[in-house]
Amino acid sequence: MSDSASFNFSLRKYMEATGILRTGYDGKTFHALKRTAGTSMVESRTLVSTAAQILGHKNIKSFKCYIALDTSGLSECCLDLGEMYTQKEGLA
């Protein structure tokens, strides 16, 4: 049994014992937990390479599916263009 299958089995067992209901695709799986952990680490400014290693990935590319887009973090590095005047040219 793979590590994720073993974890899912244990997770399902504990959820049943506590009365937490589970349905298909409800986000209560090993991979959903791993994605939440990965996203939380990146949002808290953990280096992507470090977060990938913590979650057991040797290749950062395989880690990408476990992180969600950090839109608040992206907005911090955007330039404020509010003072700039822009004009579309070549339109009739």
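Residues numbered from 1 in each chain as written. Predicted model: local features only at pLDDT ≥ 70, side-chain atom pairs only at ≥ 80, totals over all residues. Heavy atoms only, no water.

Caption draft 1: View of the overall build of the chain. A tally of regular secondary structure across the chain gives 5 helices and 0 strands. Moving toward the C terminus, one meets the helices and strands of the chain in the order α-α-α-α-α. Counting every position in the chain, which comprises 92 residues, the buried fraction comes to 16%. When the accessible area of the chain is evaluated, it comes to approximately 7700 Å², of which 57% is carbon and sulfur surface. (Helix = DSSP H or I, 4+ residues; strand = E, 2+ residues; numbered from the N terminus. Buried < 20%, exposed > 50% of the residue type's maximum accessible area, 1.4 Å probe, protein only. Areas by Shrake-Rupley, 256 points an atom, 1.4 Å probe, with all protein chains shown as cover.)

Caption draft 2: Region of the structure containing the pattern of salt bridges. Applying the stated rule across the entire model yields 1 salt bridge. Arg22 is paired through a salt bridge with Asp26; the nearest N and O atoms lie 3.9 Å apart. The class for Arg22 is partly exposed, based on a relative accessible area of 34%. (Salt bridge = Lys/Arg side-chain N within 4 Å of Asp/Glu carboxyl O.)

Caption draft 3: View of unusual backbone geometry. Even without being a glycine, Arg45 presents a positive backbone phi close to 75°. For Arg45, the location among the structural elements is in the loop between α2 (30–43) and α3 (48–54). Classification of Arg45 by relative accessible area gives exposed; the value is 55%.

Caption draft 4: Here's a closer look at α2. The first and last C-alpha atoms of α2 sit 20 Å apart over 14 residues, in line with the 20 Å expected at 1.5 Å per residue. Backbone geometry just downstream of α2 places Arg45 in the positive-phi region, at approximately 75°. (Expected span 1.5 Å × (residues − 1).)

Caption draft 5: Inspection of the side chain of Lys34 at higher detail. You can see Lys34 is positioned in helix α2. A relative accessible area of 14% means that Lys34 is categorised as buried. Of note is the side chain of Lys34, whose polar atom sits 3.3 Å from the side chain of His57. Residue contacts for Lys34: discarding those within four places in its chain leaves Leu55, His57 and Tyr66. (Polar contact = N/O pair within 3.5 Å; in protein donor to acceptor, adjacent residues only side chain to side chain. Contact = heavy atoms within 4.5 Å.)

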